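# Residue-level structure breakdown
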Amino acid sequence: RSRSGWALDDVVMFTEVTRMEEADVKEAPADGIYVHGLHLEGAAWSKKESTLIDAPPKVLTAPLPVMYITGVLKSQKKVDYLTYECPVYFRFDPRKRGMTAAQPNFMFAPEIRTAEPPMKWILRGVALLTYPGD
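Residues numbered from 1 in each chain as written. Predicted model: local features only at pLDDT ≥ 70, side-chain atom pairs only at ≥ 80, totals over all residues. Heavy atoms only, no water.

Our next topic: the overall build of the chain. Helix and strand counts for the chain come out as two helices and twelve strands. Mapped in sequence order, the helices and strands of the chain form the string β-β-β-β-β-β-β-β-β-α-β-β-α-β. Per-residue burial over the chain gives 31% buried out of 134 residues. Restricting to contacts in the chain with at least 6 residues of sequence separation, those with at least 24 account for 75%. Roughly 9000 Å² of accessible area belongs to the chain as shown, and the carbon and sulfur atoms make up 55% of that amount. (Helix = DSSP H or I, 4+ residues; strand = E, 2+ residues; numbered from the N terminus. Buried < 20%, exposed > 50% of the residue type's maximum accessible area, 1.4 Å probe, protein only. Contact = heavy atoms within 4.5 Å. Areas by Shrake-Rupley, 256 points an atom, 1.4 Å probe, with all protein chains shown as cover.)

Let us now look at a nonpolar patch on the surface. A surface patch of nonpolar side chains, about 340 Å² in accessible area, is lined by Met 119, Ile 122 and Leu 123. Counting through the fold element by element, Leu 123 comes out in helix H2 (residues 118–124). (Patch = residues over 30% accessible without salt bridge, like charges linked within 9 Å, V, L, I, M, F, W, Y side chains within 5 Å. Salt bridge = Lys/Arg side-chain N within 4 Å of Asp/Glu carboxyl O.)

Another aspect to go through is the pattern of salt bridges. For the structure on display, the rule yields four salt bridges. Here the residues in one salt-bridge network are Asp 54, Glu 116, Lys 120 and Arg 124, joined through shared partners.

Turning our eyes to something else, we now look at the sheet that holds strand S6 (residues 61–63). The mixed open sheet is built from five strands, whose spatial order is S6-S3-S12-S9-S10. Each edge of the open sheet carries a strand with a single partner, namely S6 and strand S10 (105–108). For this sheet, the mean inter-axis angle between neighbouring strands, taken without regard to orientation, is 35°. (Pairing = 2+ DSSP bridges. Axes fitted to C-alpha atoms, helices over the stretch in contact; angles between N-to-C directions.)

One can find Pro 132 in the segment after strand S12 (127–129). Judged by its relative accessible area of 25%, Pro 132 is partly exposed. The sequence separation of Pro 132 and Pro 63 amounts to 69 residues, and the corresponding C-alpha distance is 8.9 Å. Each residue touching Pro 132, except ones within four places of it in the same chain, is listed here: His 39, Thr 61 and Arg 91.

Once that is clear, we can look at unusual backbone geometry. Even without glycine at this site, Ser 50 takes up a positive phi of about 50°. With respect to the helices and strands, Ser 50 occurs in the loop between strand S4 (44–46) and strand S5 (51–53). Look at Lys 58: it is not a glycine, yet its phi comes out positive at around 65°. With respect to the helices and strands, the residue Lys 58 is situated in the loop between S5 and S6.

Our next topic: the nonpolar core. Among the nonpolar cores identified, the biggest contains 16 residues, and Leu 40, Leu 52, Leu 64, Met 67, Ile 112 and Leu 128 are the most heavily contacted of them. Those residues in contact with Leu 128 that sit more than four places away from it in its chain are Leu 38, His 39, Leu 40, Leu 64, Met 67, Cys 86, Pro 87, Val 88, Tyr 89 and Pro 110. (Core = buried A, V, L, I, M, F, W, Y, C linked by side-chain atoms within 4.5 Å.)

By themselves, these figures tell us nothing about what the structure is for.
This is how it looks when you write it as structure tokens:
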């Protein structure tokens, strides 16, 4: 959606993990989009604290609640130093598309809240996947 007075060079992405699940979404937001179906690998999401947490033992992937994504002006974006730029990888189900589809492809890196230093999640290789695998 175009905004008067907004230059493309001044717009940045704003992301927020909501407390909603897919079934809770009744209509589209006024600005931006809701994204569902992402899975965290190497960590989990605490709805209570709205932050990244350690994954329970022997749990490889955990579902992420609905994520809200929109564009904001660079000058209006709030800076939160405890965020992790979590890479999102797009991946097909290899049973449907052949083995080459199993190779993940980088999409974007939303900032998600964390109570821990971001370096912890970087060293653990935490990522969001569109297809969690089997």
